[in-house]
Amino acid sequence: MDFGQVDLHSLNYLSPIDHNLCCPICRSPLVDPVHTSCLHTFCSACITKALERSSTCPVDRSALSAENVSPAPIMIANLVNDLVVFCPNAELGCPITCARYLVGSHLSHDCGFVYVDCKQCDEKVLRKDSEKECLHQLQDCPNCLERVRGVDMEAHEEECPGLQGVCPHCALEFQRSEIKEHEASCDEATTLCVSSNIGCLWSGQKKALPHHQTSCPFTILRPILQAHNDRLSVLELENRSLRKKVELLTPRGTQNSNNNNEVLSFDEQAYQLLSEQELMRQDMERLSVSLGELEIKQSMLLMNESLRTKEELAGIRAAINGIRMQIHWLLTLRVHGGDHRHPVNGGASASNQSGQPREMNETSSRRMSDTFGQGVKL
């Protein structure tokens, strides 16, 4: 910590400050006071920043420059420097109050709540603990036997599970590690009605909750009210989304004729993007319809082709069945015809009686078999 750069504007003062000792710009007690040719007093840093923005006095708006600013009388500086202030580390526990001009010296040498280098290690430690045993070494907690650094022991004791704690509702003592679990089931704990989110204002002890629920009108109507709340939430989200779309689709204003070549505003760009998005959506719908029609046409073509194929297959099957029946009939005719041509007395007499030679009969048979073979191939 740089003790020579204490922010005097952030100090807290022990007693109220006379407004004549306050800077008109920062409204805080003067720091390094200066006065102007128009007899106004300011902090040196405040008036310097003000003159960088404007060459007029912040109070009466008269012309003012840096050459017209000079240190304030020493008496004014002594008055503000003698004001009693709290130590900047008062929130950490330092109880010291002193004159403002002594704050830097107090922080440099006396304040016990300033971090300094530990004499036994490279860590930082409060000045009030620097003479003690090094607090950065691990120590055993006497309550839970957990090893904790000495500098963290105070914070550890606030939540040490080995210490006893008191339930804030029923005043019973438990181990600190068990208090939260106990509070979740403590009958004396204060709770809200299960229908508090839909309007029930009842609150009381947990043990009285069942009796309340039997007579609570909100609990009886909870399913209906909950459904209405859910519906309202959905409608609010839809309404918010639609409102944003309407705001984007509605141009807030048109540009001037002189600014026609300038970049479009954000609202107009959003409007164009949404318009293009709508056109793309319409194109996608048209493509979807076209694809549906093509699928229907394709399915009809496949159906017609399959019906035609089925008819051809049925015709082929009918032709095959017809050929099979003809072959069967011819084979049957041949078998019966052979039985008539070959009587019991022998084939020679039958051939002689018919008056035809055997070779002619064999030739006719071969020709008929060839005809049958050709019919089968077809």
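Quick note: structure is the one above.
For the structure given in this document, a descriptive report is provided here. Fair warning: this is a prediction, and the values are worked out from it, not measured in the lab. (Residues numbered from 1 in each chain as written. Predicted model: local features only at pLDDT ≥ 70, side-chain atom pairs only at ≥ 80, totals over all residues. Heavy atoms only, no water.)

What to know about the pattern of salt bridges
Opposite charge on two side chains makes pairing possible when the charged atoms of those side chains draw close. Our working rule: In the sections that follow, a salt bridge refers to a side-chain nitrogen of Lys or Arg positioned within 4 Å of a carboxyl oxygen of Asp or Glu. A run of H or I in DSSP becomes a helix once it reaches four residues, and a run of E becomes a strand once it reaches two; helices and strands are each numbered from the N terminus. Whether a residue is buried, partly exposed or exposed follows from its accessible area with a 1.4 Å probe, protein chains only, as a fraction of its type maximum: under 20%, in between, or over 50%, in that order.
Counted by the stated rule, this structure contains 5 salt bridges. We note a salt bridge from Asp-283 to Arg-286, for which the minimum N-O separation is 2.0 Å. Of the two residues, Asp-283 and Arg-286 are both situated in helix α9 (residues 266-341); the distance of 3 residues between them amounts to about one turn of the helix. Exposure remark for Asp-283: the relative accessible area of 37% places this residue in the partly exposed category. Ionic pairing is found between Glu-305 and Arg-308, a salt bridge with its closest N-O pair at 2.7 Å. Of the two residues, Glu-305 and Arg-308 both sit in helix α9, 3 residues apart, roughly one turn of that helix. On the basis of relative accessibility, which here comes to 44%, the residue Glu-305 falls in the partly exposed class. Overlapping salt bridges bring together Glu-278, Arg-281 and Glu-285 as one network.

A few points about the sheet that holds strand β1 (residues 33-36)
Stated precisely, the cut-off is as follows: Pairing between strands is defined by DSSP: at least two bridges between them are needed. Orientation is described by lines fitted to C-alpha atoms, with helices fitted over the stretch in contact, and by angles between N-to-C directions that extend from 0 to 180 degrees.
Pairing in this open sheet of 3 strands is antiparallel, and the strands run β2-β1-β3 from one edge to the other. Among the strands making up the open sheet, the edge pair consists of β2 (41-43) and β3 (69-71). Averaged over all adjacent pairs, the angle separating strand axes in this sheet is 40°, with direction ignored. Across 3 bridges, the pairing between β1 and β3 is antiparallel. Residue pairing for β3: Thr-36 is matched across the bridge by Val-69.

Any functional reading would require information that these geometric values do not contain.
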